[in-house]
Amino acid sequence: MITNTDLQYISALARMSLAEEELKPMAEDLSSILDYIAQLQKLDVTDIKPTSHVLPLKNVYRDDSIKPSLTQEKALSFAISKAKGAFKVPQIVDN
Amino acid sequence: MSILTQKDFETVIGLEVHLQFSTRTKIFCGCENAFGKEPNTCVCPVCLGLPGTLPVLNKSALDSAIKTALALNCTVNSYIKFDRKNYYYPDLPKGYQISQFDFPIGHDGYLDILVNGNPKRIRIHRAHIEEDAGKLIHDNAEGCSLVDYNRTGTPLMEIVTEPDLRSPQEAYDYLTALKLALQYLDVSDCDMEKGSLRCDANISLRRAGETRLGTKTELKNMNSFKAVKAALEFEEMRQFRVLATGGTIVQETRLWNEDKQATFTMRTKEEAHDYRYFPEPDLVPFIVEDAEIERIRLTLPENPQAKCQRLQKDYGLSDYDATIIVQDRHLADFFEHCAKHSGKIKKIANWIIGPLLKELKDRRCSVKDLSLKPEQFVLLVEKVENGDLSNLAGKDILITLLEDGSKTVEDLIEKSGLSQVSDDALLESIADETLKEHADVVTQIKNGNHGAVGFLIGQAMKKSQGKGNPKKIKDIIQRRLFNA
Ligand SMILES: [Zn+2]
């Protein structure tokens, strides 16, 4: 069973705040997923190549040619806050 | 307990260098890969991380990465994939960076450097590609940060060494050698001021003789190789003081403060590094065939060390001259072109290292940016060596040639009348006139003031309007004064 400490750590990484009453059901859901993974891990996959992509595709490239970009106005049109042609966000590092 | 000194500890350093490729477009979208544009004008839905967009790999970026990995003697993986490195920070609009985890472009390479004149091999642990993040401008007064996403998605290669460096100076030497090797590849402008080349450092100390690694700190925010060295020196001393007094090092990221010349713990709201890598589902894997690797290997230029050795062997250059000339690949090419046109190789080298390099430095450019033709440069050097041109006039003509590639040495000499006068009869009459005009000085000299000879030579040169062959004038005046 996943602990509350684990849960708080994971939710902090995912920037999700969980209310007290959400902790228990979330822990149960995550634990059942982990149990399922534990089941899978019991399978013998010695001769099976790992899959990193579900589509049978490889080497999909693009030529190095310039495509038009958005205008600054358009780029910033969905910004919650902006200043001096830039997206404005709360300060992260204190110097 | 005995008192520990710095000699009781060994310094262990590993470096992470980030290199921006100068491809025309970004790594996963067609936005222009440009520096210095108005903020947020080289952005599109892909590099802004808008929902529903898909990245597509730029083939040129992959080629540059393979070329760089090969130049660093790495094994290039035939199977390459991308992974998501997850973290929240405003410079990454998607909440993750597309990077590489378990199948990078290359691994297990090396770069040979010189440490105090002795060769040392620095192992490269791995080299992978990723997308660069945006730029944050912190506004302390306003308590906010401004984000410019123009840089987001610039192709970036991270080159990670093994912890093989043993001093801040070695780290500096490695960086210098690495930058030169990278410049030869023409995949990046390697300009630290523009952030095309950046370096983070890991440093730890351990007791001499100990084989396990000590606890390291990661140093960031160094904007020059000098700053990397200074930050490492500061941190080496800081860690020594902690350890020598029985303390322990805290594993952390520290930021270099250039003004204070010190490192400080980075205080950040970001949690401990837990990047939760997983395969990038929006990009398919890449298979690099052997033939493709060989095709790219053929495009590798001769590396600077090999070129330096060869210039000495093929042209008899000194180690000093060759080392200077190979600092710029295009200058080395220029030298070789000239050397094929001239028998006076040593003189050519002197003129390249002296006047030409000075002019290039003043103009902050490479010889490839100018239209100077090797044949004209050779002709110029030979004219000066033959005495047809004075040194000074030669330098003047060089400047004109650098500014206008359509001019020839012959034209310039004729037009400016700079041709040096070596006609004995003419020079003798000039010398005689000078002596006559300055009879008082001649008397002084005859009375023992030999220092005044220089004055007479100067006056005679002036009379010839600077065109007289100075050596001949000097000979004539001395003959007149002392042998006549
Ligand atoms: Zn874009």
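Whatever comes next refers back to the structure up there.
Residues numbered from 1 in each chain as written. Chains lettered and ligands numbered in written order. Predicted model: local features only at pLDDT ≥ 70, side-chain atom pairs only at ≥ 80, totals over all residues. Heavy atoms only, no water.

*Asks:* Explain the overall build of chain B to me, and be specific about the residues and the numbers.
*Replies:* For chain B, the helix and strand inventory stands at 15 helices and 17 strands. Compactness check: chain B gives a C-alpha radius of gyration of 30 Å against a globular reference of 23 Å for 484 residues, more than 25% above the reference. The principal-axis extent of the C-alpha atoms belonging to chain B is close to 95 × 65 × 50 Å. For chain B, the residues scored as buried account for 49% of the 484 residues in total. Put simply, 70% of the contacts in chain B that link residues at least 6 apart link residues at least 24 apart. (Helix = DSSP H or I, 4+ residues; strand = E, 2+ residues; numbered from the N terminus. Rg over C-alpha atoms; globule rule 2.2 N^0.38 Å. Buried < 20%, exposed > 50% of the residue type's maximum accessible area, 1.4 Å probe, protein only. Contact = heavy atoms within 4.5 Å.)

*Asks:* Tell me about the pairing of strand β12 (residues 197-207) of chain B, and please be specific about residues and values.
*Replies:* Residue and element names in this part refer to chain B. Buried residues dominate β12, accounting for nine of its eleven residues. Two strands pair when backbone bridges link them, and strand β1 (residues 9-20) and β12 are joined in this way by eleven bridges, in the antiparallel orientation. If you follow leucine 19 over to β12, its bridge partner there is leucine 197. With four bridges connecting them, β12 and strand β13 (residues 217-222) associate as antiparallel partners. Residue pairing in the sheet places cysteine 199 in a bridge with methionine 222 of β13. (Pairing = 2+ DSSP bridges.)

*Asks:* Which residues make up the sheet that holds strand β5 (residues 83-86) of chain B, and what values go with them?
*Replies:* Ordered in space as β6-β5-β16 (chain B), the three strands form an open sheet in which the pairing is antiparallel. Because the sheet does not close on itself, it has two edges, and the strands there are β6 (96-99) and β16 (278-279) of chain B.

*Asks:* Can you tell me about the interface of chain A and chain B, naming the residues and giving the values?
*Replies:* The partner chain B presents 56 residues to the 38 residues of chain A that form the contact. Interface area for chain A against chain B, summed over the two sides, is near 4,300 Å², with a carbon-plus-sulfur share of 56%. Sorting the residues of chain A by area buried against chain B places A:Arg62, A:Asp64 and A:Gln91 first, and these three jointly supply 19% of that buried surface. At the junction of chain A with chain B, the criterion picks out zero salt bridges. Linking chain A with chain B are 19 residue pairs in polar contact (both at pLDDT 80 or more). Residue assignment for the side of chain A that touches chain B shows that the elements contributing at least two residues are α1 (4-13), β1 (61-62), α3 (72-75) and β3 (86-90) of chain A. With five residues, the single largest contributor to the side of chain A that touches chain B is β3(A). Here the side of chain A that touches chain B is composed, by residue class, of 19 nonpolar, ten polar and nine charged. Pairing of β3(A) with strand β10 (residues 144-148) of chain B, which is carried by four bridges, proceeds in the antiparallel orientation. (Buried area = accessible area lost by both parts, 1.4 Å probe. Salt bridge = Lys/Arg side-chain N within 4 Å of Asp/Glu carboxyl O. Polar contact = N/O pair within 3.5 Å; in protein donor to acceptor, adjacent residues only side chain to side chain. Nonpolar A, V, L, I, M, F, W, Y, C, P; charged D, E, K, R; others polar.)

*Asks:* Kindly report on the sheet that holds β12(B), identifying the contributing residues and their values.
*Replies:* All names here are of chain B. Spatial ordering of the open sheet is given by β3-β7-β8-β11-β1-β12-β13-β14-β15, a layout of nine strands whose pairing is mixed. Since the sheet does not close on itself, it has two edges, and those belong to β3 (75-76) and β15 (262-265), each with one partner. Across the face of the sheet, helix α1 (residues 59-71) comes into contact with β1, β3, β7 (106-115), β8 (118-131) and β11 (155-161) while running at roughly 20 degrees to β11. (Axes fitted to C-alpha atoms, helices over the stretch in contact; angles between N-to-C directions.)

*Asks:* Pulling in residues and values, what's your account of the packing of helix α9 (residues 374-386) of chain B against helix α10 (residues 391-403) of chain B?
*Replies:* Residues and elements named next belong to chain B. Relative to each other, α9 and α10 sit at 170 degrees, their axes nearing to 9 Å. Relative to α10, α9 is oriented roughly antiparallel. The segment α9 lies against α10, with Gln376, Phe377, Leu380 and Val384 engaging Asn391, Gly394, Ile397, Leu398 and Leu401. (Parallel < 35°, antiparallel > 145°, perpendicular 65-115°, else oblique.)

None of the figures reported here should be taken as evidence of function without further support.
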